[in-house]
Amino acid sequence: MSVDGVCVDPDLVVVGSGFFGLTVAERCAAELGLRVLVLERRHHLGGNAYSEREPETGVEVHKYGAHLFHTSNQKVWEYANRFTSFTGYQHRVFGKYQGQVYSLPMNLGLINQFFGKSHTPQEARELIASQASEIATEDATNLEEKAISLIGRPLYEAFIKGYTAKQWQTDPTKLSADIITRLPVRYTFENRWFNDTYEGLPTDGYTAWLTRMADHPNIEVRLETDFFSVAEQYKGRVPIVYTGPVDEYFDHCEGRLSWRTVDLEESIEDVDDFQGTGVVNYNDQDVPFTRIIEFKHFHPERVQTHLPGKTVIVHEYSRFAEEGDEPYYPVNTAEDREKLLKYRELAKQEQMVLFGGRLGTYQYLDMHMAIGSALSMFENKLKPHFTDGVALTSGGVADDD
C-alpha cells in the first residue's frame, strides 16, 4: 500500500476508505491486478470503524462509537478472516432504568425482574400478549402506539419511550409507526445481543484489520483529500466507486437527506472498572445521554496491557445531524424517500460511477452488510466490466447485489 504517494493513471478510483470502499479496492487490486486509488477526506483510513489506542491507558478506543462485528454470512466471515483473527467476544448489553440495571434485550430475565415475579416462558408470553392487546397493531398511528401494540405499555414506557425520545429528539407520539417493524422479546434467558453464527472483535483491533486490507502494492490511499476538489481529474475518464453521501455528490440539488448523528464525550476515569461491562443503555428520559461505553471490556484478554487504576469511557448522545456533522443513521422519512428516488434517477445517468456503502445508498449497513454488498458489487459489476468489457452502468443508489 502506498499512502499519499502518486498513483499515475489509476484503473479505478474509490471514494472513501470504510469497509465498503476497502473491500472493493482490495478485490480489484488482488484478483484483477488493477491500480486502485482510494481517496479519503479524513486523516486516517477505515471510516467510522477506525480505532486507536488511548496513549495514557493503552485501551483501544473506537473513535466513532462501539463497533461489534457479527455475521451469519459465511462468505463475509471467511473474507474477513483473511485479514484478521477474531476474539471470542460476545456482546451483551445492560439497561439502566429508575436506578435498577436490567439485562437486555428484553428476555425472560428482564420480564421476571421488572414485574417482580417468576414466569415460565408460556406465562410470560401470555402476560405480554395481554398487555399488548391494548392497541391493535394495524390501528397504530405513531411509534408509541405501534410499540405498545407489540410489547405492551409497561415495557414500552420503561425501555423504549425515553430511549427513543433521546435518539430522535422527538416525542414518540410524533414519530411514524413505520420506524418500528418489530420489537423482539425473547422468552428465554438468552442475553446475547446478536443472534449471528459468527461474532468477535478483531484481535489486533479494527485499524490493523483495515490497514491489512489496503496493504497491496496496487493500492494507493490518499488521505485528507476531498473527492470534490479533484473530481474533474477522474469523472468520465476512469470508473469510480463513490461511498460518500449521495446527496452531496449531486450538490444537494434535490434537498438534503436527513441523518442522525452521535456526539461522543470521551473521558479517562480513575478506577479499574467503571461499569462492569462494555455497554450500558440509559433508558430514563431525564438522563441526557443514551449510553455509556467502557472500551476495556471489549478486550478483556488485553488486561496486562492496560494501565491499572484507569479506564476509558464514552458518553454517547444522539441527535439530528446538521450541516458539517458526521452522518451515522438515515432517518428515512417519507420526504427522505421521495428525495432518494430522485437521486437514484440522477445516479443512473452518471457514467462510470457506482454508488455504494451506507452513505452512498442511504441505508443503515452493519459492517458485515457493507462487506457483503461490496463483494457483490465486485462480482456482479466490476469484475465483468474489467474482465469481459461489460458496460459499467449504475443501478442508482439501490443495492448493487
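Residues numbered from 1 in each chain as written. Predicted model: local features only at pLDDT ≥ 70, side-chain atom pairs only at ≥ 80, totals over all residues. Heavy atoms only, no water.

**Points about the pairing of strand 15 (residues 311–320)**
Link 1 in the chain: Most of strand 15 sits out of view: 8 of its 10 residues are buried.
Link 2 in the chain: Where strand 12 (residues 259–269) lies against strand 15, 10 bridges are found, and the strand directions are antiparallel. Across the sheet, the residue bridging to Glu-266 is Val-314, located in strand 15.
Link 3 in the chain: Here strand 14 (residues 291–294) pairs with strand 15 via 4 bridges, running antiparallel. Across the sheet, Ile-293 pairs through a bridge with Val-314, a residue of strand 15. (Buried < 20%, exposed > 50% of the residue type's maximum accessible area, 1.4 Å probe, protein only. Helix = DSSP H or I, 4+ residues; strand = E, 2+ residues; numbered from the N terminus. Pairing = 2+ DSSP bridges.)

**Observations regarding the UniProt feature "domain: UDP-galactopyranose mutase C-terminal" (unreviewed entry) in the chain**
Link 1 in the chain: Here the UniProt feature "domain: UDP-galactopyranose mutase C-terminal" (unreviewed entry) sits at residues 158–364.
Link 2 in the chain: The annotated region residues 158–364 carries 22% helix and 21% strand content, and the separation between its end C-alpha atoms amounts to 26 Å. (UniProt positions renumbered as here; feature names shortened; annotations may be inferred.)

**Concerning the domain arrangement of the chain**
Link 1 in the chain: We note that the domain assignment places domain 1 (12–54 + 61–89 + 198–257 + 330–396) and domain 2 (106–179) within the chain.
Link 2 in the chain: A straight line from the C-alpha centre of domain 1 to that of domain 2 covers 36 Å. (Domains from an automatic or database assignment.)

**Quick look at the nonpolar core**
Link 1 in the chain: In this structure, Phe-19, Val-24, Val-36, Phe-69, Trp-209 and Leu-382 are the most contacted members of the largest nonpolar core, which totals 104 residues.
Link 2 in the chain: Ranked by the residues each element gives to this core, the list is headed by helix 13 (residues 367–388), at 8 residues.
Link 3 in the chain: For this core, the domains that each give at least three residues are domain 1 (12–54 + 61–89 + 198–257 + 330–396) and domain 2 (106–179).
Link 4 in the chain: Residue contacts for Val-24: discarding those within four places in its chain leaves Leu-12, Val-14, Val-241, Ala-374, Met-377 and Leu-382.
Link 5 in the chain: Counting 6 residues, the second-largest nonpolar core is a separate cluster that includes Val-280, Tyr-282, Ile-292 and Ile-313. (Core = buried A, V, L, I, M, F, W, Y, C linked by side-chain atoms within 4.5 Å. Contact = heavy atoms within 4.5 Å.)

**A word on the packing of aromatic side chains**
Link 1 in the chain: One pass over the structure, following the stated rule, counts 33 aromatic pairs.
Link 2 in the chain: Here the aromatic rings of Phe-69 and Phe-86 are separated by 5.3 Å at their centres, their planes lie at 20 degrees, and the arrangement is stacked. With Phe-69 in strand 6 (residues 69–71) and Phe-86 in the loop between helix 2 (74–80) and strand 7 (93–97), this pair connects stretches of sequence that are 17 residues apart.
Link 3 in the chain: Taking relative accessible area as the criterion, Phe-86 reaches 14% and is therefore assigned buried.
Link 4 in the chain: Between Tyr-79 and Phe-83 the ring centres are 5.1 Å apart and the planes differ by 70 degrees, which places this aromatic pair in the edge-to-face class. In terms of burial, Tyr-79 and Phe-83 fall into one category: buried. (Phe/Tyr/Trp six-rings, centres within 6.5 Å; stacked < 30°, edge-to-face > 60°.)

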